[in-house]
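Chain residues, written in single-letter form:
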Amino acid sequence: MSTDVIILPQGGHEPLCAWTVRSAFDLQLDEWRDAALQFESRAAQGDWPAVDVFLCPLGDHFLAWDSFFMERLLRTARDYCWGSDIYIVADRRIRVSAGQIDDHASMSHWFKTAQEQGTTDIIQVDIDRSGFNPVDPIDLSRASELSKLRQEVLGSRIFTGNWKCHLADLKRRLPAFLDPFVIYPVEPRSDANIVIVVDKGAVDQTELVRDARTRYSASRYLVSALGVHPSADLRAMCQGDHDLALLRCRGHFELRYLMAQLNTTSHRRTTTRTCASQRVTIKDPIFAPPTAQERPGLLVTSSFDPASEYGQYFEAARDAGAIAYERPPGTLYRAHQAITRGNLAQVLRSFSTLTAWVYLGHGDGERGLQEAGSGGFAEPAEWLACFTAYGSALPLAVFSACRSTAIARCFAEAGTGLAIGFEEDVPPEACRLIATPVVRAALLTHGDTQEMLNAYHVGCTDLIAAGYSGVGPKAFYADR
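If you're wondering where the values come from, they're calculated on a predicted model, not measured in any experiment.

Enumeration according to the criterion identifies 25 aromatic pairs in this entry. An aromatic cluster is present here, built from Phe287, Trp357, Tyr359, Trp383, Phe387, Tyr390, Phe399 and Phe411 joined pairwise through their rings. Across the ring face of Tyr221, the terminal group of Arg213 is positioned such that the distance to the ring centre comes to 5.1 Å.

Shown next as structure tokens:
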């Protein structure tokens, strides 16, 4: 099942690299490695654009629903692309077919696989599925920008609970394709939240929205313009009503994935305290007290040199993919693969507010953290100095480095909400087990210290269960 892989700088039209994967058993790993190495090379030269990864299935993939192939491809993209946004691209001209409806179970499994493997979104562009003509990168860029607007809306509001979509025309195949996310007239007073779909059949877009809102007793509404441009009246209606948010979907694949994202549920795990944590007094505050953030921000940095630390560099890429994989929609995410004190201050300018910083590299209890390039170490005070012009809160810092508790304590004493280090040597999997739940909690709660501490202890429980009880993670939290 051939799939074109295209990696683009966000907002750019010239691919950094592109190739074709033709088999689930030959994923072209050399191409993925070359792409990951290119990220580090560019970052070391001061050129570190955020990138998007596009997976463009050719042929009749969306009739065959090859979940096995897509799962392996997505996992590979996540392992090598440093947490970049990953898009599956469907041909905008594909129409809902009887075959798709008849094979609804396979289709549903495919969508579930795409979501579980960290797909940022499904987007639709014009694709020559024969493979003779390349996908237009300009169209990919435009579709991804439209997706980012959807993700920002999802990230800026609380969209919990059960979601259904209201379709004006229930006679076509679209309702069967969107099942089980469709609301039918037999349940007019459903307490589900409603996505009101405005498509080409709507004579008066605003009237359709008003009619749907009077029909249901929903507590939240979204309006999705499906394959049409929203009218000026509809845009004005949504802008003037805080309870309405307007999204655009190019096609039915985008709409179905949107419904799946809205209906995602997360379970909060709790556990007894299992690893060391300590409250510290703020001595020389650098970071402001945490405040509610409109948009969470995540920065992952690495100092591993692939020329001399090839294996560790690619483990760091896997760390970044695992940590960034569960970030909430709309999170501002950046990765820098060659971090130094000199470029960290520049990187921080990308964020008005930063929720979490994850450092991946070498640590030393006496010398501090290693910098990329020179291989030298810098003391905690020197790393803190990089944040003097930042002027905002830092709810979470995770130092995935050996013997890094000293710098974690220094950051907490400077006002970081929660700072985590390790007392001993730390294998990559141990970092992932601790950092992944804590970063997710930070991003979901805008840095709530108690929620991050709970996630830290959950991670410690998983750490011990995996046999890493001797790495000695320790969390320090500021006394505010």
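Moving on, there is more to tell.
Across the sheet, 4 strands lie side by side as β6-β7-β8-β9; this open sheet has parallel pairing. Only two strands of the sheet have a single partner each, and these edge strands are β6 (163-166) and β9 (244-249). In this sheet, adjacent strand axes meet at a mean angle of 25° when their direction is disregarded. Here strand β7 (residues 193-198) runs beside strand β8 (residues 221-226); their pairing, made up of 5 bridges, is parallel. Each residue of the ladder has a partner; that of Ile196, found in β8, is Val223.

The 5 strands lie next to each other as β2-β1-β3-β4-β5, forming an open sheet whose pairing is mixed. The strands lining the two open edges of the sheet, one partner per strand, are β2 (17-21) and β5 (121-125). On average, each strand axis in the sheet is tilted by 25° relative to the strand beside it, whichever way the strands run. In the sheet, strand β1 (residues 3-9) pairs with β2 via 5 bridges, with the strands oriented antiparallel. Following the sheet pairing, Val5 is matched in β2 by Trp19. Of the strands in this sheet, β1, β2, β3 (51-57) and β4 (85-91) touch helix α3 (residues 67-80), which is tilted by about 145° from β4. On top of the sheet, helix α10 (residues 252-262) reaches β4 and β5; it is set at about 170° to β5, its chief contact.

Parameters at a glance
- Residue numbers restart at each chain and count upward from 1, following the sequence in its written direction.
- Local features in this predicted model are restricted to residues of pLDDT 70 or higher, and side-chain atom pairs are both shown and tallied only at a pLDDT of 80 or more, whereas totals for entire chains, interfaces and linings draw on every residue.
- In computing side-chain values, all of the structure's heavy atoms are included and hydrogens and water are not.
- The criterion for an aromatic pair is that two Phe, Tyr or Trp rings (for Trp, the six-membered ring) have centres within 6.5 Å, with stacked assigned to planes under 30 degrees apart, edge-to-face to planes over 60 apart and tilted to the rest.
- Our definition puts a charge over a ring when NZ of Lys or CZ of Arg is within 6 Å of the ring centre and also within 35 degrees of the ring normal.
- DSSP calls a pair of strands paired once it identifies at least 2 bridges connecting them.
- Helix and strand definitions here come from DSSP, where helices need a minimum of 4 consecutive H or I residues and strands a minimum of 2 consecutive E residues; each element is numbered from the N-terminal end.
- Each axis is a line fitted through C-alpha atoms, and for a helix only the stretch in contact is used; angles between axes span 0 to 180 degrees, taken between their N-to-C directions.
- Only heavy atoms enter the contact rule, under which two residues are in contact if any of them lie within 4.5 Å.

All we've got here are geometric facts, nothing functional implied.
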